[in-house]
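Chain and residue survey
Letter by letter, the chains look like this.
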Amino acid sequence: MGRHVVFLIGEDWFFRSHFRARALAARAAGWRVTILTRTGDAAAALRAEGFEVIDVDFRRARLNPLAELRLLRSIAGHYRALKPDLAHHVALKPILLGSLAAALARVPAVINAPVGQGFVFTSTSLKARLLRPAVSLGLRLAMGGAARSACSRIGRI
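Keep in mind it's a predicted model, so treat the numbers as computed, not measured.

**Some details on helix α5 (residues 92–105)**
Residue pairs three or four apart in sequence face the same way in an α-helix, which turns once every 3.6 residues. Over its 14 residues, α5 runs 20 Å from end to end, which matches the ideal 20 Å to within 8%, given 1.5 Å per residue. For α5, a buried count of ten out of 14 residues is recorded, marking the element as mostly surrounded by other parts of the structure. Among all positions of α5, only L92, K93, P94, I95, L97, G98, S99, A101, A102 and A105 are buried. Within two residues after α5, R106 carries a phi angle of roughly 60°, on the positive side.

What follows is the structure in structure tokens.
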């Protein structure tokens, strides 16, 4: 297999139910497919289909900056080791951390796929209102010029 795509997604079951078809199509087109995710019951089924599944310590509601920094370092380390041609980030936290990790690891192309708005944008709680400006800024940076230019390079990979 030639080209390599790494999907970064918070939950294995969500990947299996919503992104499996894309992974199968990528593999049919000659891409090596790796999934970085928090593993649960769906990981075994994905591995049985021939996908490489690597466990990462995603916790959607976790806000511990040190734990998130460790997760960022872990993702960047996986990207450096795997050397993907394309990183495909699904959902808010994978977009935020994955985009930074991809930049650190010099991944040549990134696709960011926001799915839903998430707690930060739908809740009226104080916690959500306090997080919203920082998450909005992070998303603008992750989805900005670098993301657009990376997508334009996909055809050349």
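**Describing the confidence of the model for the protein**
Confidence in the prediction of the protein, expressed as mean pLDDT, is 84, and 80% of residues score 70 or more. Taken element by element, the protein is modelled with least confidence in helix α8 (residues 145–153), mean pLDDT 44, and with most confidence in strand β3 (residues 52–55), mean pLDDT 98. Contacts for the low-pLDDT stretch residues 146–157, under 50 throughout, to residues beyond four places or in other chains number 18 contacts.

**Looking at the nonpolar core**
Note that soluble globular proteins tend to have their nonpolar side chains buried in a common cluster. Judged by nonpolar contacts, the single largest core of 19 residues is most densely connected at L36, I75 and Y79. Taken together, the elements giving at least two residues each to this core come down to β1 (4–11), α4 (65–82) and α5. Among the elements that make up this core, the one with the highest residue count is α4 (six residues). What Y79 contacts, discounting residues up to four positions off in sequence, is V6, L8, L36, P84, A87, H89, G98, A101, A102, A105 and V107.

**A short note on the packing of α4 against α5**
Two elements in contact, α4 and α5, have axes whose closest approach is 8 Å; the angle formed by their N-to-C orientations is 50°. The angle between the axes of α4 and α5 places the two elements in the oblique class. The interaxial crossing formed by α4 with α5 has right-handed handedness. Of the residues in α5, those in contact with E68, L71, L72, I75, A76, Y79 and R80 of α4 are K93, L97, G98, L100, A101, A102, L104 and A105.

**Re unusual backbone geometry**
Positive phi values are uncommon outside glycine, yet K83 reaches one of about 50°. Take K83: it is sitting in the loop between α4 and β4 (86–90). The class of K83 is exposed, set by a relative accessible area of 60%. Positive phi values are uncommon outside glycine, yet A91 reaches one of about 90°. With respect to the element layout, A91 can be found in the loop between β4 and α5. Since its relative accessible area comes to 21%, A91 is described here as partly exposed.

What counts, and at which threshold
Position numbers for residues start from 1 in each chain and track the written sequence from start to end. Reporting in this predicted model follows two pLDDT cut-offs: at least 70 for local features of residues, and 80 or more for side-chain atom pairs to be given and counted; totals over whole chains, interfaces and linings ignore these cut-offs and use all residues. Excluding hydrogens and water, the side-chain figures rest on all heavy atoms present in the structure. The helix and strand labels rest on DSSP assignments: H or I over at least four residues marks a helix, E over at least two residues marks a strand, and numbering proceeds from the N terminus. Helix span, as expected, comes to 1.5 Å for every residue beyond the first. When a residue's accessible area, from a 1.4 Å probe over protein chains only, is under 20% of the maximum for its type it is buried; when over 50% it is exposed; and in between it is partly exposed. A residue's pLDDT is the confidence the predictor assigns to it, expressed on a 0 to 100 scale. Residue contacts follow a heavy-atom distance rule, with two residues in contact if any of their heavy atoms lie within 4.5 Å. As used here, the term nonpolar core means buried Ala, Val, Leu, Ile, Met, Phe, Trp, Tyr and Cys residues forming a set that is joined through side-chain atoms within 4.5 Å. Between the N-to-C directions of two axes lies an angle of 0 to 180 degrees, each axis being a line fitted to C-alpha atoms and, for a helix, fitted only over the stretch in contact. Oblique is the label for every angle not falling under 35 degrees (roughly parallel), over 145 degrees (roughly antiparallel), or within 65 to 115 degrees (roughly perpendicular). For a crossing to be left-handed, the near helix must be turned anticlockwise from the far one by less than a right angle; the clockwise case is right-handed.

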